[in-house]
Structures are given as structure tokens and as C-alpha cells.
Amino acid sequence: MRNLLIFFLVLSSNLVFAQNGIIKGRVVDADSNEPLPFVNVVVMGTLKGAVTDLDGNFQMFNLDPGFIRLTTSFIGYNSAVSDEIEVTNSNIANIEITMKEADTELAEVTVVASPFRKTEESPVSLRSIGVGEIETNPGANRDISKVIQSFPGVASTPAFRNDIIIRGGGPSESVFYLDGIEVPNINHFATQGSSGGPVGIINADFIREVKYYAGAFPSNRNDALSGILEFNQVDGNSEKLKFRASLGASEISATFDGPLGEKTTFIASARRSYLQFLFSLIELPFLPAFNDFQFKVRTRIDPKNEITFIGLGAIDEFALNLGIEEPDEQQEFILTSIPVNEQWTYTIGGIYKHFHENGFLSVALSRNHLNNESYKYLDNDESDTENLTLDYKSKEIENKLRIENTNRIGSFKLNYGLNAELVRYTNNTYQKRFFGGKLNEINYSTDINLQKYGLFAQVSKNFLANDLVVSLGTRFDGNTYSESMSNPLDQFSPRLSVSYSITDQLSINANTGRYYQLPPYTSLGFKRDDVFVNKENNLKYVRVDQFIAGFEYKPKQMFQFSIEGFLKNYSQYPFSVNDQISLANKGADYGVLGDEEVISTGEGRAYGFELFARVNNQKNLNGNISYTYVRSEFEDPETGEYIPTTWDSRHLLTTFFTYKLKGNWTVGAKWRFVGGLPYTPYDLEVSEIVPAWDALGGPFFDYENINSERFGAFHQLDVRADKAFYLKKLTLKVYIDIQNAYNFQAESNDIIVREKDAAGNFIKTDNGLRYQLRRVDNKVGTVLPTLGIILEF
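So, how was this worked out
Residues numbered from 1 in each chain as written. Predicted model: local features only at pLDDT ≥ 70, side-chain atom pairs only at ≥ 80, totals over all residues. Heavy atoms only, no water. Helix = DSSP H or I, 4+ residues; strand = E, 2+ residues; numbered from the N terminus. Rg over C-alpha atoms; globule rule 2.2 N^0.38 Å. Contact = heavy atoms within 4.5 Å. Pairing = 2+ DSSP bridges. Axes fitted to C-alpha atoms, helices over the stretch in contact; angles between N-to-C directions. Patch = residues over 30% accessible without salt bridge, like charges linked within 9 Å, V, L, I, M, F, W, Y side chains within 5 Å. Areas by Shrake-Rupley, 256 points an atom, 1.4 Å probe, with all protein chains shown as cover. Salt bridge = Lys/Arg side-chain N within 4 Å of Asp/Glu carboxyl O. Lys, Arg positive; Asp, Glu negative; His and termini not counted. Charge placed at Lys NZ, Arg CZ, Asp CG, Glu CD. Buried < 20%, exposed > 50% of the residue type's maximum accessible area, 1.4 Å probe, protein only. Phe/Tyr/Trp six-rings, centres within 6.5 Å; stacked < 30°, edge-to-face > 60°. Lys NZ or Arg CZ within 6 Å of the ring centre and 35° of its normal.

K.L.:
Would you take a moment to explain the overall build of the chain for this structure?
P.N.:
Tallying secondary structure elements over the chain gives 10 helices and 51 strands in all. Rg of the C-alpha trace for the chain: 27 Å, near the compact-globule value of 28 Å for 793 residues, within the 12% margin. Oriented by its inertia axes, the alpha-carbon framework of the chain measures out at about 90 × 65 × 45 Å. Summarising the internal contacts of the chain: among those between residues at least 6 apart in sequence, 66% fall at separations of at least 24.

K.L.:
What exactly am I supposed to notice about the sheet that holds strand β13 (residues 174-178) here?
P.N.:
Strand pairing within a sheet occurs via backbone hydrogen bonds; the two strands may be parallel or antiparallel. What the five strands build is an open sheet, ordered β10-β17-β18-β13-β14; its pairing is mixed. Among the strands making up the open sheet, the edge pair consists of β10 (126-130) and β14 (181-183). Taking each pair of neighbouring strands and ignoring which way they run, the sheet shows an average axis angle of 25 degrees. Here five bridges tie β10 to strand β17 (residues 207-213), and the two strands are oriented antiparallel to one another. Of the residues in β17, the one forming a bridge with Arg127 is Tyr212.

K.L.:
Which parts of the structure should I look at to understand a negative patch on the surface?
P.N.:
A contiguous patch of negative charge on the surface is contributed by Asp381, Glu382, Asp384, Glu386 and Glu441. Relative accessible area serves as the criterion here: at 32%, Asp381 is assigned to the partly exposed category.

K.L.:
Even after reading the chapter, I still don't get the pairing of strand β51 (residues 784-792), so can you show me in this structure?
P.N.:
Looking along a regular strand, one sees side chains alternate from face to face of the sheet. Of the strand pairs in this sheet, strand β19 (residues 242-247) and β51 are connected by four bridges, and their pairing is antiparallel. Among the inter-strand pairings, Ala245 is bridged to a residue of β51, identified as Leu791. Relative to β51, strand β44 (residues 731-739) runs antiparallel, the two being bridged by nine bridges. Counterpart to Val734 in the pairing with β51 is Ile789.

K.L.:
Is there a simple way to explain the pattern of salt bridges in this structure?
P.N.:
Should their charged atoms come close, side chains of opposite charge can pair. In this structure the tally under the stated criterion is 59 salt bridges. Between Arg244 and Glu135 there is a salt bridge whose closest N-O contact spans 3.5 Å. Separated by 109 residues along the polypeptide, Arg244 in strand β19 and Glu135 in helix α2 (residues 131-136) bring together distant segments of the chain. Judged on exposure class, the residue Arg244 and its partner Glu135 are both buried. A single salt-bridge network, built from bridges that share partners, covers Arg26, Glu96, Asp179, Asp235, Lys296, Arg298, Arg300 and Glu306.

K.L.:
Can you walk me through the pairing of strand β46 (residues 751-754) in this structure?
P.N.:
Side chains of β46 alternate between two faces, with Ile751 and Val753 and Ile752 and Arg754 buried alike. Bridge count for β46 against strand β49 (residues 773-776) is four bridges, and the pairing is antiparallel. Following the sheet pairing, Ile751 is matched in β49 by Val776.

K.L.:
So what exactly am I meant to see when it comes to the packing of aromatic side chains here?
P.N.:
Aromatic ring pairs are described here by two measures, namely the spacing of the ring centres and the angle between the planes. Within this structure, the stated rule accounts for 26 aromatic pairs. Aromatic pair Phe286 and Phe318: ring centres 5.7 Å apart, planes at 10 degrees, arrangement stacked. Taken as a pair, Phe286 in strand β22 (residues 286-302) and Phe318 in strand β23 (residues 305-320) lie far apart in primary sequence, 32 residues in all. The class of Phe318 is buried, set by a relative accessible area of 10%. Judged by centre distance (6.2 Å) and plane angle (75 degrees), the ring pair of Phe434 and Phe700 falls under edge-to-face. Taken as a pair, Phe434 in strand β27 (residues 412-435) and Phe700 in the loop between α10 (690-696) and β42 (709-710) lie far apart in primary sequence, 266 residues in all. Residue class for Phe434 comes out buried when judged on its relative accessible area of 13%. Overall, the relative accessible area of 14% leaves Phe700 in the buried class. Joined through ring pairs, the aromatic side chains of Phe189, Phe279, Phe286 and Phe318 make up one cluster. Lying over the aromatic face of Tyr177, Arg221 brings its terminal NZ or CZ to 4.1 Å of the ring centre. Sitting over the face of the ring of Phe725, Lys723 holds its NZ or CZ atom 5.1 Å from the ring centroid.

Listed below in C-alpha cells is the structure:
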């Protein structure tokens, strides 16, 4: 690594970097898609610019390479700031910018555009993340799930997973959209019924911008309780075929994009991990391997019609490293407790858009499929079928249709539509579980076909010369699983947003809404004695009532300060009958969430406030600092008292920055502090029972003392340095990323192992009915350096 650094330093000192960057773009009306002529387009922070022609097209030459934004201004329209785009010397950059028509009553008022976006529907709890932040975020290694952890309200854990935990909500409470197509999960090795996994599926090469909602959800998005992530993808290059190859922390990838005729562009990629090879060399007990595939094809049929097709898929294999000759205690613990797992998943869909005079109609059709299989043998001994403790095969298949229309009539904005889904869920489960003081064999097959349906509408209106914006929306959702969820009126979901500009720089914003989420299919399909137990229990949609209010201050175009308070009241949360806890406390582990008997009686709350400061200076500095105080609690059904959930971190502090130096160097750092999370101690009395341990392959939690203990605080420093070589024929980027730079060791649950005698046999007591167990202190954390290389031509 030292030699590589010397090589790149010498290379950079001997290269002359010209200003040969070129941008070609188009400016159109945001509602009608009509081209806008004579629009002034300027590179933000400079005097370089251009004017659009009669067809709304523009070109810029001799630009400095790097990440930039463009600003646009035009009489009768609100000024706009483009998404972030990278300019290189080797390829022409393409961009499309939309502008909204200004209120005719405000023709003489100049509105300064900002890269910090908010909408009429979501004036609070909405953040936008540009491609430059994703590419250079320290510690993230271009993984968008980790980039999001730099923003307020998002908790991170020392478990090196990408669980999306927003404002005290569980990891199953967020939904994800890729160019308007819903994607069930964005991580490899996903926890079925939840959202987490160790590595993201989405390739950063595709990302144009990400919108992150922590609340104030628009009515055309359903099934979210805590968060929505909207990923907007780039279009393929319209000029020529491009190729990009990258070597990252865990994978290699190849991306192609270019034209498919005059009206069509494409972008496609494939990635393959090399973790299995590396983990085998250093004798880690598990051997993960993943592959993923992604594509987008966009066709502009004519100025009023376009169609986009997208696809995302992954193949994951999680094997055990049984070749370790003498595993240590930690290796043995992992080998005995984790099952072998194979997953594959895909989402494929298309969106057709028709633009009319005052808006557009969109029709989205998609299909997603998850196949999840896992098995486990006692002590990984497959020689005897009696050792089989888990054999799980499941499929989730969804076919989705969403039709919506958006109109602007004067100062009114109206969005309305419907959605429908055809769902098939299958599950073949054999599992040994110990509960009720005895060993139980769970053996069932499920094949569910159900339909989901919804209606939505939202109207927004400007008042008081645009100083006041009000948005009122609602949803109605239902499905055919059971009578308790079939009537959409029972899932009536209203929401109201209000934003008032006190001055040009200061605004007060608020939102309240009721949101519903269908319980996981794993719960819908659980059977006992060939009966859908949870259907008999009248399982219902999970409900949350949210209240958010805050101030936003933007003293300059590139600076943002905000403070928000929030309250979330949960009800009808699935509650585990066996463990007597809410499923809100589960989902941050590998495996399956919700495949058990539950009842819709869980109650809880999350509340707190956020402080956020952000700067996006295109010249050199980009970063933010955020502090969140959050409490996450659920109600004990016996006492009525509130108990901390697994996500009750209390304090979240994150500071992140990148700084551009001369010679296309960028340096950055990120520091995170997460208050100690609650945890449940082990029940060693139950764990040492031989049939209990053999069934689970590890210790049992003492749920009578749920979350009665708390770990120490977790904190971590990540640093990164990037160097870009913008050459005439190609672009070469090299980065060094160091996670956990000062090697913080985070507390984790103790490892529990079975004692062995001198011959290597497990020691048993009480006439062979109990194992003799021993605790082993367990801390996690290590310095993790990564060298990444990206080549584009």
C-alpha cells in the first residue's frame, strides 16, 4: 500500500489536467415535459454558463472535472438546482433539469434555489443525498445503506450490518423505491421479514440522487412506518458506449452504459464478491459470497411519452468454514449457531409516463421474487438426519400495479391514484424449537395467494403569496388475507403537512399522519396443526400516528440548519405469544423474522428531537453534523409500564465532512457516537437443558428481563482519501478508506460455550440432562482498511 501511494503521488505530480469537461443537457417543464428555451444555466459557484435553445437543449465546454451542480433561471419559473453530476475529461456528461412554473402573483419575486430539497407533501424530515456524498463518504465504501447512517435519526450498530433504524423504529419499518419501482430489500443476506443485511445490493454507479424520508410520507407511498428511501438512477450515456470497472472492499464490478438508438439509453452492471476467498484465508467461521445484477433502459418515445425499465437482482450464498482444524471459542460459537443459507432475489419493472398540459400520468408495473433457503444440523453433523434442527424453504412473490396522475391547476397540486398487488407466499418449515418447558417440532407447509389494494389522493395549495403551503392527503389500504384486514376503511390513513416562511431564510414546518404496514408474510403464513394461527388471531395492520414539527434556517444557498421534534405512537404491533415481546425488538439478526404465533396487541412509542447542520459548498467543503435524542419504548402488557426497545439508543451524534484539495484530491472523515443499546441477558437455566441447546444451537434469552441491561456507548472514526486522475481518454480513481481508525472495541453479548473434557466431549450434569456452560467475554471491532480502484473510459 505504501508503494502504491508513492506511485500515485508521483503520477499526479507529473500530469497536466486540462479543463476539457463537457456537459450536454436539456431543461423542461416539471409538469408538462415541454422544453424551455432561453433558460440561463450556470455552474454553481462559478460564472460559467449557457442558454438553452428552442428545444431546451444546452452545452457547456472547457469545464473543470469533478462533481458539480447547475442552477437554472427563467422568467415565469422558479429557479432550480440540478442533481449533482460528475464532469470528466474522457466522457460527455448528460443531464436533464426540470423547472416548476412560478405563481403568476409572484412574477417580481426572486426565489433562490437550494440543493436542500423539500416538497409540498414533505416539508419536514426529507433529506436529499447527492452522488458526490455517496462516492466519497468515509467508512461507507460506496454502500448507500451506510451513507444514510451519516444523517439525523438513523442509528448504526457495531454489528456491521446495514439495518435501517430510523427514529427508534425497527429495521422492518422502511420501504425502498428504485426510480418509482418498489424494491422489497436493498441488502445482501437479508433478514426475511425485515430490511437488514451486511452489504448493499444497489450499485453506486447507478445513483443520481437519494431522497430519505424520516416522516411526512406522501400518500402515494404505502407500507412505511419509519422511513422511505427513493433512489433516482442515472440514465445511460446518449453519446457513446462507456465502461466502468471498480474494485472495492468486498467486490469487483463492471458497468456498461450508452445509447441503444436515437431515443433509448441503457446502463447495466454486474458485481461479484471475493469475501469467501478472503474469509477462508484468514479462517473466519463463515464464508459469504454474493453476486448482483442491475440495469436501466429509458426510451423517450416522443416529447409527451416515455417508458423506463429497471431490474435489480442478487444471488447470495452463506456457507460455514468447517475446514478450521481447531476453532477457538468464538469460531466454535458461530459455527454451532449460524445456519447455512442461500438466497436469491430480483425485482423487475417498468414505468410508463404520459405528459399532458398540466401534469402527467404514470403507470408502474413490477414483479419481485425472494427465494430463501436455510438448514442447520446439530454441531454441523449431517451424518444423521436426527441431527437436523432446521430446514426452511420460502418464497415471496409480488406482482404490483400502481397508476397515478399528477396535475397542477393554478396554485393547486393534485396527486391521486390506485395500487393493486397479486401476492404468493410459500413456506415449507421443519424446525425444532424449545418452549413451554419442552421440545416442540414445527412442521408445516404454506401456500398463500392474496390480493392487496389501495387508493390514495393528496392535494397541496400555496397561500399568502407562497409563504404558506398546505398539503392534505389520505390512503385506504386492504387485502384479502382475512376479514380483519379486508376493509380499506379500517386502514384510513390521513396526513397533513404545513409549511410557513417567516422570512426568506427561516421557515416553520409541521406534519401529522397515520400510517399502516402489513405484517410480514412470515407471520401471515405461520401454521400449527394445518391452521393459519395468526389468521385465527385476527392479525391486523401495524399502525403508527406521527407528529413532527420544526424550524429550518438557510442563511445562504449552500447552508442549512434545522431542528425537529417527533413523536410516534405505535399500536396493533405483532406481539410474540411464545416470547411475550413485541416483534419491534427483533429483526437485526440473520435468519427470519415473524414465523411464529403473534397477536396484534403490541403498543409502543418513540419520541425525541434532532439538530442538523449541513453545508454543500461545490468549491471545496461538504459535510454535516447531527445530533438526535431518541427514546424508543414498548408497553409491558402486564404492568402497563414502558420498557426500552432494542433500538433505544437515546443519543446519536454524527459528524461528517469531505474537503477538496488541489490536484483532485479529496479527504474526509466521519465520527459516530451511539448511546449504549439495551440488551436482554441470557437465561442460562434454560440454555443448559440439552434438548433446548441442541434445538437452537446456542443460548436462550431471558425475556422476563427483556432489555434490562445496557451496553456501553459505541463510537467510531472513519477516514478516507480520494485521488482522481481525469485523463483525456479515461478517468482513474483511487481511494483509501479506514474504518474504525482508532480500533474501538464495542461491547457485545457474551459468548456462551459448552465445556469439554480432556477427550473433547461435552460435559453434562444432572444425569446427562444439562450441559455445563461457560461465559466468554466478547467485544467486536477492528481497524478495517480498504484500497479501492475505479476505472472509467
